[in-house]
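# Results of the structural survey
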Amino acid sequence: MSGVPQSQSVAASSRVAAAHKSRTVFDHVRDGWQALRGRVVFLFESKTAVVGLAIVVFWIAVTILAPVLAPYPPNALTGRVSESPSMEHLMGTDYMGRDVCSRLVYGGQTILLLAPICVVCAEIIGATVGLTAGFLRGMVDEVILRILDAIMAFPMMLLYMIIMAATGPSKINIVGVIAFSSTPGVARLMRGLVLEIRDLEFVQAARLRGESALYIMFREILPNCLGPLIVDACLRVGYTSFWIGSLGFLGIGVPPPDPDWGRMVSEGRAWILTAPWIVVCPSLAVSSLVIGLNLLADGISEASKRV
Amino acid sequence: MDQIRAKETVLKVEGLEVLYETRQDDLKAVRDVSFEIRRGESLGLVGESGCGKTTAALAIMSYLSSNGRVTGGQILFQSENLVGKTDKELQPIRGSRIAMVYQDPMTTLNPSLRIERQLTEVLVVHEGLTKREAHGRCVEMLEKVQMPDPEHIMERYPHQLSGGQQQRVVIAMALLCNPDLLIMDEPTTGLDVTVEATVLDLIRALRHEFDSALLYISHNLGVIARVCDRVGVMYIGELLEEASVEDIFLRPLHPYTRSLLGCVPSIGTSKTTHPLHPIPGRVPRLNRLPAGCVFEPRCAFSQEQCREVHPPLVTVEGDRSVRCPGWQVLRGEATTLVSDDLTAGLTVSDRREDTRSVLSTSHLNTFYTGKPSWIGRLMRKKEQCVKAVDDVSLDMKRQAILGVVGESGCGKTTLAKTIVGLIAPTGGEIEFLGVDVSKIVEKRPKEVLKELQMVFQNPDSTLNPTQSVRQILARPLRISRTVPRSQVHEEVCRLLEAVSLDASYLDRRPGQMSGGEKQRIAIARAFASRPELVVCDEPVSSLDVSVQGACLNTLLGIQQTYGTSLIFISHDLSMVRYLCDYIVVMYLGKVCEVGRTDDLLSPPYHPYTEALLSAVPVPDPTVQQARIRLEGAVPSALNPPAGCRFHTRCPRKFGEMCETTEPPALWAGGGHIIYCHIPLEGLQEIEPAVSE
């Protein structure tokens, strides 16, 4: 065969080839860790991402370390009613005499636990639906799109209230309803990405090999969509946090007396002029978390564009 | 020649240095470039992508982007230094004394303004004419650039003109104020070959009439040979050689120039007579330049001193300059180069022909139909049908290379996709290895799939960016079970070797590879399952000139090893002539001519083939080419002409027959078929289009 290297370089390259041959589990783990580190490092190039990440990490840490950080138990009556902030009660007490700071620290749990779960469910289901619609096109696409339109048209709050009226408020209901309502947005995003990618040549090459539709959807197209999906997930955690807070505010979220930021704002409304700290502190907490998540999402998309 | 050199200097660039500030580094995109252009003379700046030729041109006009600036040297335009002038000071110069023509006419012309408004604006602003006076001058200028019906054109919008017409309008706009210097940056790169030929003719004619100095930038050596008096060769921001056009092409001194000439296929060369010698190595990055001569790492003649000392540009033999200390030694060397083993030109032996057929198509049709939506049907819009491939019958032998040539819209890509199965044919039959495969790929029998593969055009989207090379190459092997599972890894390494890449590429992702490397992996992937037939759709068109040769050699090498048949699709007749044993010429979905390569290059041939041969730019100023030019542009595929589809532009139109009836097949012997109404004897008497 003309153009073939001499026997020495054949030997040399087969030695290199042998070295590359055995890839153990450790190699895969190490590659994964390096890829992750690479991704996180590139995130730091965007100041927005850094600020967003700092805020989110702060709240996560606070929530995890709640038992350590909180000066008093959240439901205990430790002070006089509606005391203004002082050395003993850093953020004052609420209308029942409970320490606001401790309630704040414990109150993030609902949002920080439920929001990611909702979003992960929405992303998984939405991505699958979007992949199917975008790849298969034709009748399947049309039917799925119409179903998604119908879901989007239905007000989520109304749906939640109906379910709550039937089965009572609970964490599972919240997760279910929010995931269900978020799916169409994710599905549409995914479908748009799939429509772009399915015409690219490497997908055509996969068709030429006789790959099944499932393989092409999940092993060729999906890995290329992860970037925008992650950005969408971050933003969605922000919206969802806000939603869960709103549910709490309306009194139909997690039942009392467990502290919940939304409900704290709602309960403290009557004292907004006399004891504003009861309302201001949890509001700031929710807002800052959502802002942090938005900044993080912005930063990720900024950093990924600036390659 | 002496008369030209005696004229006054219009532009003199001395020691130009341009810097771009980027996030990581400051990049010196142009370093120590000096040249001179006199009145009536044209200088061509040739080089590959990233060599700085466009940057140098933009620097002359002060059109650099916000992160670029001139850091050294002078730009003397009629003895006035342009460096450091403000936009206000430059305004009277730009457009009236220096004019520029860009590559893409669609983005140069404002799509929302009529041509009249855009043309008259130049005269109104620079010469203070009234609109009526300007209108008259513009119509005159449109006539000079050979636009049919200039008054009508003035009323149109840019999107209503064809690509060639738009480019002529841009040239007219540039010449309106009779500029002293005209800069053209790849003006014909986006145009079809036959249209490009007419625009190049126009540029030559205008030069004689207008006496402006011309700076012509291109990566295409053939075009430069046709248009320019002098040539400057650039490589990563440096000017390596500058000489008259004959000296550069016939007596090149710098090793880079010689390598470049050695790796470009010309219409006169074939793989058996002149194998390509691609340049080894990669173009280094601007922030990691070698310390000595920038070309040294890839140079076949490099010495110790080349690595250490950065060579200056020296004037040689009176009117040429070269940046190589060894030029005197090299002057004596033969112009053919011998490069190292891995990239050596292949010697292709004339093997005995295999007469078994691997693929045959019979009256193959692929139509794209656009059914109107229900609103359209309400408005009684007709169903639109593009006959992309119309009644094509081919027969392909084993181990042969078939080239499909044609301009944009001729259906060659659709033909490729139909044969391979990505598009379902509308009619006709395809038979592959005795099996009927006239269906879309999902419906074909599985055993056939691994025997028929494809190499795509765009190297950036041909590989999955999230997969490593190992995964990309192993997958087809696993699926087609070419080798048992335990040997997959070895086979992947063998495939990499076959495309001249080493095993360190196994864990790389496409984002870490250059265009040429990605295309070679794509070739390896196509050949992984050891197919009988591989269809290549313009595989090297998006690559740099020096890399194209390497890819073509890889393709040839692998084809010879495995004995695969190839269908090679391209718009570049020189490349097809170099590579292929048989050629099919297509026009608007129909086959014009099919036959052996040698038979196709001399009469008798189809008038369209004749036009293509006389239009293709040849990188050799001594070659005589006929001047057969086609009028107008390729008609729309939605409404193709009746009868012979070529009759609207055919310079040898025979008569009314051409407009009404489809041309018959003329058998010229040895499998050579021409579809034309002109009898064979008439075609045999045509003068050859290309002669040395």
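Before going further, it helps to spend a moment on the overall build of chain B. Within chain B, the regular secondary structure consists of 26 helices and 26 strands. For a compact globule of 692 residues, the expected C-alpha radius of gyration is about 26 Å, and chain B comes in at 27 Å, within 12% of that figure. Principal-axis analysis of the C-alpha atoms gives chain B an extent of 75 × 65 × 55 Å. Expressed as a percentage of the 692 residues in chain B, the buried residues total 49%. Taking all contacts inside chain B whose residues are at least 6 apart in sequence as the whole, residues at least 24 apart take part in 70%.

On a plain count of helices and strands, chain A comes out with 13 helices and 0 strands. Seen in sequence order, chain A has helices and strands lined up from the N terminus as α-α-α-α-α-α-α-α-α-α-α-α-α. Counting only residues that meet the buried cut, chain A has 38% of its 307 residues in that class. Restricting to contacts in chain A with at least 6 residues of sequence separation, those with at least 24 account for 68%.

Next up on the list: the packing of helix 8 (residues 171–197) of chain A against helix 11 (residues 226–250) of chain A. All names here are of chain A. Interhelical geometry of helix 8 versus helix 11 gives an angle of 155° and a closest axis separation of 11 Å. Classed by the angle they form, the pair helix 8 and helix 11 counts as roughly antiparallel. Relative to helix 11, the crossing made by helix 8 is right-handed. Of helix 11, the residues touching helix 8 (which contributes I174, I178, S182, V186, L189 and L193) are P228, D232, R236, T240, W243, I244 and L247.

Strand pairing in a sheet relies on backbone hydrogen bonds. The paired strands run either parallel or antiparallel. All names here are of chain B. Ordered in space as 14-13-16-17, the 4 strands form an open sheet in which the pairing is antiparallel. Two strands bound the open sheet, and with one partner strand each, they are strand 14 (384–397) and strand 17 (435–436). Where strand 13 (residues 357–370) and strand 16 (residues 427–432) come together, 5 bridges link them in antiparallel fashion. By the bridge assignment for strand 16, L359 is matched with F432. Where helix 16 (residues 412–420) meets the sheet, it contacts strand 13, strand 14 and strand 16, and its direction lies at approximately 65° from that of strand 14.

In this section: the packing of helix 5 (residues 100–136) of chain A against helix 6 (residues 138–153) of chain A. Residue and element names in this part refer to chain A. Two elements in contact, helix 5 and helix 6, have axes separated by 7 Å at closest approach and are oriented at 140°. As summarised for this structure, helix 5 and helix 6 are arranged oblique, according to the angle between their axes. Judged by the sense of rotation from one axis to the other, the crossing of helix 5 with helix 6 is left-handed. Contact with helix 5, carried on its side by V129, T132, A133 and L136, involves G138, V140, D141, I144 and L145 of helix 6 and no other residues of that element. Tallied by class, the residues present in the contact of helix 5 with helix 6 amount to 6 nonpolar, 2 polar and 1 charged.

This brings us to the nonpolar core. Counting residues in hydrophobic clusters, the biggest one holds 271 residues, and the most contacted among them are A172, A524, I567 and F568 of chain B. In terms of residue count, the dominant contributor to this core is helix 5 of chain A (16 residues). Discounting chain neighbours no more than four positions away, the residues touching A172 of chain B are L119, M141, L142 and V145 of chain B.

On to the sheet that holds strand 24 (residues 665–667) of chain B. All names here are of chain B. Reading across from one edge, 18-19-20-15-21-22-25-24 is the order of the 8 strands in this open sheet, with mixed pairing throughout. The two strands at the open ends of the sheet, each matched to only one other strand, are strand 18 (452–455) and strand 24. Here the average twist between neighbouring strands, direction ignored, is 20°.

Note on strand geometry: in a regular strand, side chains alternate between the two faces of the sheet. All names here are of chain B. When strand 1 (residues 9–21) meets strand 4 (residues 68–77), the two strands line up antiparallel, connected through 8 bridges. Bridged to L11 within strand 4 is F77. Sheet analysis places strand 4 next to strand 5 (residues 80–81), joined by 2 bridges and oriented antiparallel. Among the inter-strand pairings, L76 is bridged to a residue of strand 5, identified as N81. From the end of strand 4 to the start of strand 5, which pair antiparallel, there are 2 residues, and Q78 there has a positive phi angle of about 50°.

All buried positions along helix 19 (residues 488–498) of chain B are accounted for by H489, V492, C493, L495, L496, E497 and A498 of chain B. The first or second residue beyond helix 19 of chain B is S500 of chain B, which carries a positive phi of 55°.

Turning our eyes to something else, we now look at the domain arrangement of chain B. In many analyses, interface size is given as the accessible surface area lost on bringing the parts together. All names here are of chain B. Per the domain assignment, the segments of chain B are domain 1 (2–107 + 175–246), domain 2 (108–174), domain 3 (251–343), domain 4 (357–582) and domain 5 (602–691). Using C-alpha coordinates to define each centre, domain 1 is positioned 23 Å away from domain 3. Of the residues lining the interface, 17 residues belong to domain 1; the matching set on domain 3 comes to 19 residues. Those elements giving two or more residues to the side of domain 1 that touches domain 3 turn out to be strand 2 (26–38), strand 9 (230–235) and strand 10 (238–244). The element best represented in the side of domain 1 that touches domain 3 is strand 10, accounting for 7 residues.

It is worth spelling out the environment of V143 of chain A at this point. As for its placement among the helices and strands, V143 of chain A is situated in helix 6. For the pair formed by V143 of chain A and A133 of chain A, sequence separation is 10 residues and the distance between their alpha carbons is 8.6 Å.

Working note: α-helix, 3.6 residues per turn, so residues spaced by three or four point in the same direction. Along its 12 residues, helix 7 (residues 156–167) of chain A runs 16 Å from first to last C-alpha, staying within 8% of the 16 Å computed at 1.5 Å per residue. Phi turns positive one or two residues past the end of helix 7 of chain A, at G168 of chain A, with a value near 85°.

Residue and element names in this part refer to chain B. Within the secondary structure, C138 is located in helix 6 (residues 131–144). For C138, a count of 25 C-beta atoms within 10 Å puts it in the buried group. Once you skip the residues sitting within four places of it in the chain, C138 turns out to touch E116, L119, T120, M154 and L176.

Residue and element names in this part refer to chain B. Along the chain, I678 turns up in the loop between strand 25 (673–675) and helix 26 (680–684). With 22 C-beta atoms counted inside 10 Å, the residue I678 sits in the buried group. Along the chain, I678 and L666 lie 12 residues apart, while their C-alpha atoms are 9.2 Å from each other. When near neighbours in sequence (up to four residues on either side) are disregarded, I678 contacts R652, F654 and L683.

Okay, the pairing of strand 10 of chain B next. Residue and element names in this part refer to chain B. Counting buried residues along strand 10, 6 of its 7 residues qualify, which places the element largely inside the surrounding structure. Inspection of the sheet shows strand 9 paired to strand 10 by 6 bridges, in the antiparallel sense. The partner of V231 across the bridge, within strand 10, is A243. Two successive antiparallel strands, strand 9 and strand 10, enclose a turn made up of 2 residues, where I236 displays a positive phi of approximately 35°. Inspection of the sheet shows strand 10 paired to strand 12 (residues 320–322) by 2 bridges, in the antiparallel sense. Each residue of the ladder has a partner; that of E241, found in strand 12, is V322.

All names here are of chain A. Of all residues in chain A, 86% attain a pLDDT of 70 or more, and the chain-wide mean is 82. When mean pLDDT is taken per element in chain A, helix 9 (residues 201–208) scores highest with 94 and helix 1 (residues 7–21) scores lowest with 49. Note that residues 1–11 has pLDDT below 50 and, in this model, 14 contacts with residues that lie over four places away or in other chains.

Residue and element names in this part refer to chain B. P603 connects to P604 through a cis peptide bond whose omega is 5°. Turning to its location among the elements, P604 is positioned in the loop between helix 23 (597–601) and helix 24 (607–615). Positive phi, normally seen in glycine, also occurs at E317, with a value near 50°. Tracing the backbone through its elements, the reader meets E317 in the loop between strand 11 (314–316) and strand 12. According to the C-beta neighbour criterion, E317 is partly exposed, with 13 such atoms within 10 Å. Positive phi values are uncommon outside glycine, yet Q399 reaches one of about 60°. On the secondary structure map, Q399 appears in the loop between strand 14 and strand 15 (401–405).

In this section: the confidence of the model for chain B. Residue and element names in this part refer to chain B. For chain B, per-residue confidence averages 86 on the pLDDT scale, and residues scoring 70 or more make up 95% of the total. Predicted confidence for residues 336–345 stays below pLDDT 50, and this span has 24 contacts to residues more than four positions away or in other chains. This complex was scored by the predictor with a pTM of 0.82 and an ipTM of 0.81.

Calculation notes
- Residues numbered from 1 in each chain as written.
- Chains lettered and ligands numbered in written order.
- Predicted model: local features only at pLDDT ≥ 70, side-chain atom pairs only at ≥ 80, totals over all residues.
- Helix = DSSP H or I, 4+ residues; strand = E, 2+ residues; numbered from the N terminus.
- Rg over C-alpha atoms; globule rule 2.2 N^0.38 Å.
- Buried ≥ 20, exposed ≤ 12 C-beta atoms within 10 Å, placed from the backbone.
- Contact = placed C-beta atoms within 7 Å.
- Axes fitted to C-alpha atoms, helices over the stretch in contact; angles between N-to-C directions.
- Parallel < 35°, antiparallel > 145°, perpendicular 65-115°, else oblique.
- Left-handed = near helix turned anticlockwise from the far one by under 90°.
- Pairing = 2+ DSSP bridges.
- Nonpolar A, V, L, I, M, F, W, Y, C, P; charged D, E, K, R; others polar.
- Core = buried A, V, L, I, M, F, W, Y, C linked by C-beta atoms within 7 Å.
- Domains from an automatic or database assignment.
- Expected span 1.5 Å × (residues − 1).
- pLDDT = per-residue confidence, 0-100.

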